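Reading the structure
Here's the letter readout for the chains.
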Amino acid sequence: MGTERKALPAIDTTRCTGCGWCVAVCPPHVISLGVQQWRKRALVHDEPGCTGCAHCAVRCPFDAIAMVRLTETGATR
Ligand code: SF4
Ligand code: SF4
């Protein structure tokens, strides 16, 4: 469908507790929990499927998700 994304979530794995809230609220189900080292952490397993809706960032109780804006120039700061 070629959905235009304006932002992508950046997950701070040092803050993420693996609680799964972001997984539950993601409409297209592109976030899942994976094990990194010995901890569960969220990851976006399908970035092209992400709509940039920011539901995950809003829901995260630990402020572990930041929306990174995508620009035409590719300069995301
Ligand atoms: S921004 Fe929206 S579509 Fe993208 S990972 Fe978060 S909840 Fe899912
Ligand atoms: S809601 Fe936040 S803390 Fe919970 S799994 Fe997602 S990114 Fe990690």
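**Things to note about the overall build of the protein**
Each helix and strand counted, the protein has 2 helices and 4 strands in total. Moving toward the C terminus, one meets the helices and strands of the protein in the order β-α-β-β-α-β. Across the protein, the fraction of contacts at a sequence separation of at least 24, relative to all contacts at a separation of at least 6, is 58%. Accessible area for the protein stands at about 5,300 Å²; split by element, carbon and sulfur atoms hold 53% of it.

**Some points on the site of ligand 1**
In the vicinity of ligand 1 lie 14 residues, with Cys-26, Cys-50, Cys-53, Ala-54 and Cys-56 positioned nearest. A class-by-class count of the residues in the shell around ligand 1 yields 11 nonpolar, 3 polar and no charged.

**A word on the site of ligand 2**
If you check the shell around ligand 2, you find 13 residues, and the closest are Cys-16, Cys-19, Gly-20, Cys-22 and Cys-60. In terms of residue class, the shell around ligand 2 is made up of 10 nonpolar, 3 polar and no charged.

**Digging into the nonpolar core**
Membership of the largest hydrophobic core comes to 14 residues, with the highest contact counts inside it found for Cys-22, Val-30, Ile-31, Ala-42, Cys-56 and Ile-65. The set of elements that each furnish at least two residues to this core consists of strand S3 (39–44) and helix H2 (55–59). Those residues in contact with Cys-22, other than ones at most four positions away along the chain, are Ile-31, Ala-42, Cys-56 and Ile-65.

Each value, and the rule that gives it
- Residues numbered from 1 in each chain as written.
- Chains lettered and ligands numbered in written order.
- Predicted model: local features only at pLDDT ≥ 70, side-chain atom pairs only at ≥ 80, totals over all residues.
- Heavy atoms only, no water.
- Helix = DSSP H or I, 4+ residues; strand = E, 2+ residues; numbered from the N terminus.
- Contact = heavy atoms within 4.5 Å.
- Areas by Shrake-Rupley, 256 points an atom, 1.4 Å probe, with all protein chains shown as cover.
- Near = heavy atom within 4 Å.
- Nonpolar A, V, L, I, M, F, W, Y, C, P; charged D, E, K, R; others polar.
- Core = buried A, V, L, I, M, F, W, Y, C linked by side-chain atoms within 4.5 Å.
- Buried < 20%, exposed > 50% of the residue type's maximum accessible area, 1.4 Å probe, protein only.

Worth remembering: the numbers are spatial, not functional.
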